[in-house]
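An overview of the molecular structure
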Amino acid sequence: MKRLSIGLQLLCALLLSVNGVAHAAPAHAGKKKAKKGAEAVPVSAEISKSMGELSWGMTKDELQNQLITKIKEKYRPLVSKTRDAVEEDRLRLAATDEMKRIRDSYVDFKGTSTGWDVSFLRGEFTHGNGESMLVSRDQNSQNFYFFIHGKLWKWYKAFDAEVFRAGDFAGFGSSVQKRFGPARDASGELSAASGKRHWLEWQDDKSRLRAVDQSDFYGFYCLVFEQKSTVENLAKLRTHTHQVAEKQNALVDAVTAPASQDDSDRSPDVVDSITGKRTGNSDGATASAKGPKGRKAAAAAAPAAPRGVTSDDDPLNGL
């Protein structure tokens, strides 16, 4: 009897051991699968290099001072080289205007309707959650810097429509992959307000980068840099679901209204200032689109580029 009892105990112990291994196997397999999914987004060392002096967590004042310093550095040699008093005044006025535009571009998303609520940025922020934005312009793009609780966490770079041919995301993808390396190709809804999108994706230890196709409706492409730690905690940071009425301002209404021959030249700069499609001496944000409803990319008008500042062949110049 003792031998039988010992035998039964050994058999039970063996069955428990086998059962434990059987239950452990799926969990182990799950870890491998999750790890494989995480590795599907390529790592690019160029992300941090392209961000330059930008750093996640910097305040609005820190970024604003940084952008204003760059404007001063851009105009200083132009002013020092000119011997024409009129041209010097023009350059100084242009510099002052650019700096003012940056200061005036800051907006708090705290429940009051803004033009951005009906623009291509409407899915990039929420109201009532301590979010805000600062806007600046460079040679070939409009840059939108997003803050949450006063800390920078996203940089949205919208390229001018003429920089990359609309409808050719493959060409845009080829250009950015020369910089950041092979990307993960994906499509889906980036947010409830964005609709279905096609994008390329990279990452490093602190940031996520996406090259997004906005050409089907807005006629441009963009690069979106985001702080990974903030992205992972957005559900906790965005606890309010405050909605604002989608009220368009006069400029957006002017752009989206059907055009007629009688008023085609009445306000030639309005579309340029909103869409960023340059005609003549105009300059602006970004986006030419298919049909009048496709031109909703509301962005701040920017001053004309100073004489002496030439564009680079590289469309990613400045990154």
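Scroll up a little and you will see the structure.
Residues numbered from 1 in each chain as written. Predicted model: local features only at pLDDT ≥ 70, side-chain atom pairs only at ≥ 80, totals over all residues. Heavy atoms only, no water.

Brief notes about the packing of aromatic side chains
With the rule as written, the count across this model stands at 21 aromatic pairs. Note on Phe120 and Tyr218: the rings are 5.8 Å apart at their centroids and 65 degrees apart in plane angle, and the pair reads as edge-to-face. Taken together, the positions of Phe120 in the loop between strand E1 (107-109) and strand E2 (131-137) and Tyr218 in the loop between strand E7 (207-214) and strand E8 (220-227) put the pair 98 residues apart, joining distant regions of the chain. You can call Phe120 buried: its relative accessible area is 5%. An angle of 10 degrees between the planes, with centres 4.9 Å apart, marks the rings of Phe172 and Tyr221 as stacked. In this pair, Phe172 is assigned in helix H5 (residues 169-180) and Tyr221 in strand E8, connecting sequence segments 49 residues apart. Taken together, the aromatic side chains of Trp116, Phe120, Phe144, Tyr156, Phe217, Tyr218 and Phe220 make up a single cluster linked through ring pairs. (Phe/Tyr/Trp six-rings, centres within 6.5 Å; stacked < 30°, edge-to-face > 60°. Helix = DSSP H or I, 4+ residues; strand = E, 2+ residues; numbered from the N terminus. Buried < 20%, exposed > 50% of the residue type's maximum accessible area, 1.4 Å probe, protein only.)

Structural notes on the environment of Glu62
Within the secondary structure, Glu62 sits in helix H3 (residues 60-81). The class of Glu62 is partly exposed, set by a relative accessible area of 44%. For the pair Glu62 and Leu152, spaced 90 residues apart in the sequence, the C-alpha separation amounts to 9.9 Å.

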